[in-house]
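Residue-level structure breakdown
Residues per chain are reported as follows:
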Amino acid sequence: AETLGAAAAQSGRYFGAAVAPNYFGEAGYASTMDREFNSLVAENAMKWDATEPNRGQFTFGGGDQIVSRAQSRGMTVRGHTLVWHAQYPGWVGGLSGNDLRQAMVSHINGVAGHYRGKIHSWDVVNEAFEWDGSRRQSIFQQRLGGGYIEEAFRAARAADPGAKLCYNDYGTDGVNAKSTAIYNMVVDFRNRGVPIDCVGFQSHLDWNSDLSSYQSNLQRFANLGVDVQITELDIGGSGTGQAGAYQRVTQACLAVARCTGITVWGVTDKYSWRSSATPLLFDGNYQKKTAYASVLAAL
Ligand code: XIL
């Protein structure tokens, strides 16, 4: 195959990118996005601050542009993200108790309901754990208690029964205290019938990151009966070092039957949120980097 998406599709997987609709008018951006990827995710456009800037007033302009772009090209869409400690509007921070709980559920209903039937997988809850495996003390954790995660998953299932529901986090790129805490949460959810279908591994890495337990970590989650997805891949570095790390991550996903897809967190180094790290597969002129070739070969 000659593109990332087509190569991934050979094994039934997707290869996606995080995108921003404000770049769709740039020819190199649009042509690279449309050619290489068969899945899109909104880098920011479906977050709470973008979709419900005022309570009960939903704005879907950016997200809708991404969904229609994807649909017209036969791409799937990941939804990112419904409940997160960052990028929520100011009014949310002023709520507490049942008021915050109602706002969270109505936000999930509003966004997942709007996109019902159009989303392959939703990142229902993002980044709820700390490195040591404890819960992050977000406003949701502090004001709603630890049960907010399962409340969010149940609300998302009701709002879009066809979407796979994922828990998504970073620093979970191996067997460690954080990934083990998430693993234990998934075990608990499966035992109690809380709806969860997938776990997202953001994988914001560097070329020399320790990947020795990357594959075995994906596999232990898959063994619980959930899909695993690499959701925000970017790898700081350049040249063969960067290419080697991309190759290892791609090979790890391919070796795990339930690893259903890989998403890179941007199209081009030019617009990466880690721009100084040049962590993506296309350079600022939309030229394929060495890492691109290593990923394509590994798919
Ligand atoms: C980042 C975006 O890439 C930036 O444009 C934005 O300013 C901040 O958020 N983990 C996540 C993503 O789940 O939503 C974050 O995206 C990167 C880290």
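All of the points below concern the structure found in this document. Treat the numbers as computed from the prediction; the structure is a model and nothing was measured.

Lining the immediate environment of the ligand, one finds 13 residues, of which Glu43, Lys47, His80, Glu232 and Trp265 sit closest. Interatomic distance of 3.2 Å between a side-chain N/O atom of Gln87 and an oxygen atom of the ligand. At 2.9 Å from an oxygen atom of the ligand is found a side-chain nitrogen or oxygen belonging to Trp265. Alone, the ligand offers 410 Å² of accessible surface; in the complex the protein occludes 78% of this. Applying the majority rule of atoms within 2 Å of the grid points places the ligand in the largest pocket. Looking at the shell around the ligand residue by residue, the class counts come to three nonpolar, six polar and four charged.

This part takes up the packing of helix α10 (residues 214-222) against helix α11 (residues 239-255). Contact geometry for α10 and α11: axes closest at 9 Å, N-to-C directions at 30°. The angle between α10 and α11 falls in the class roughly parallel. Between α10 and α11 lies a crossing of right-handed hand. Of α11, the residues touching α10 (which contributes Tyr214, Gln215, Leu218 and Gln219) are Val249, Gln251, Ala252, Cys253 and Ala255. For the contact of α10 with α11, the residue count by class is six nonpolar, three polar and no charged.

Think of an α-helix as turning once every 3.6 residues; residues three or four places apart then point the same way. In a regular helix each residue adds 1.5 Å, so 18 residues correspond to 26 Å; helix α6 (residues 97-114) covers 26 Å between its end C-alpha atoms and thus fits that length. Among the residues of α6, Leu100, Ala103, Met104, His107, Ile108, Gly110, Val111 and Ala112 are the ones counted as buried. Next to the buried residues of α6 lie α3 (48-51), β3 (76-84), α5 (90-93), β4 (121-126), α7 (139-144) and α8 (148-159).

To continue, consider the environment of Asp64. Residue position: Asp64 is located in helix α4 (residues 61-72). The exposure class assigned to Asp64 is partly exposed, which follows from its relative accessible area of 31%. Separated by 189 residues in sequence, Asp64 and Cys253 place their C-alpha atoms 29 Å apart. Those residues within four positions of Asp64 in sequence are excluded, and the remaining contacts are His114 and Tyr115.

A word on the pairing of strand β2 (residues 39-42). Across the two faces of β2 the burial is the same, with Ser39 and Val41 and Leu40 and Ala42 all buried. Pairing analysis gives four bridges linking strand β1 (residues 14-19) to β2, with the strands arranged parallel. Pairing of Ala18 across the sheet is with Val41, part of β2. Between the parallel pair β1 and β2, the chain is carried across by helix α2 (residues 27-36), and the sense of this crossover is right-handed. Here β2 runs beside β3; their pairing, made up of three bridges, is parallel. Counted as the bridge partner of Leu40 is Val77 from β3.

This paragraph deals with the nonpolar core. Counting residues in each nonpolar core, the largest one holds 91 residues, and the members touching the most others are Phe15, Trp122, Val125, Phe140, Phe153 and Leu281. Setting aside chain neighbours within four positions, we find Phe153 in contact with Val124, Val125, Leu165, Cys166, Tyr167, Phe189, Val194, Pro195 and Ile196.

Cut-offs applied
Note that residues are indexed from 1 along each chain, following the sequence as it is written. Reporting of local features is limited, given that this is a predicted model, to residues whose pLDDT is at least 70; pairs of side-chain atoms are given and counted only at 80 or more, and all residues count toward the totals for whole chains, interfaces and linings. Computation of side-chain values: all heavy atoms of the structure, hydrogens and water removed. Any residue with a non-hydrogen atom lying within 4 Å of a molecule or strand is treated as near it. Any N or O atom pair separated by 3.5 Å or less is treated as a polar contact, with the protein-specific requirement of one donor-capable and one acceptor-capable atom, and with residues adjacent in sequence counted only for side-chain atom pairs. Using the Shrake-Rupley algorithm and a 1.4 Å probe, accessible areas are obtained, with residue cover drawn only from the displayed protein chains. Here a cavity denotes grid points, spaced 1 Å and computed from the protein atoms alone, that fit a 1.4 Å probe unable to get out, and a pocket denotes an open set having protein on both sides within 12 Å along at least 5 of 7 lines; residues with an atom within 4 Å of a point are the lining. Criterion for pocket placement: a molecule counts as inside a cavity or pocket if more than half of its atoms are within 2 Å of its grid points. Under the scheme applied here, ten amino acids are nonpolar (Ala, Val, Leu, Ile, Met, Phe, Trp, Tyr, Cys and Pro), four are charged (Asp, Glu, Lys and Arg), and all others, including Gly, are polar. To get an axis, fit a line to the C-alpha atoms, keeping to the stretch in contact for a helix; angles then go from 0 to 180 degrees between the N-to-C directions. Only runs of H or I of at least four residues qualify as helices and only runs of E of at least two qualify as strands under DSSP, and these elements are numbered from the N terminus. Comment on the angle field: the value is read as roughly parallel under 35 degrees, roughly antiparallel over 145, roughly perpendicular from 65 to 115, and oblique elsewhere. Crossings are sorted by hand: turned counterclockwise from the far helix by less than a right angle, the near helix makes the crossing left-handed, and turned clockwise it makes it right-handed. Residue contacts are defined here by distance: any two heavy atoms, one from each residue, within 4.5 Å place the two residues in contact. Multiply 1.5 Å by the residue count of a helix minus one, and that product is the helix's expected span. Only protein chains enter the accessibility calculation, which uses a 1.4 Å probe; a residue whose area is less than 20% of its type maximum is buried, one above 50% is exposed, and one in between is partly exposed. Only when DSSP finds a minimum of two bridges between them are two strands counted as paired. We call a crossover right-handed when, viewed with both strands directed away from the observer, the connection leading from the first strand over the helix to the second proceeds clockwise. What we call a nonpolar core is a set of buried Ala, Val, Leu, Ile, Met, Phe, Trp, Tyr and Cys residues that are connected through their side-chain atoms within 4.5 Å.

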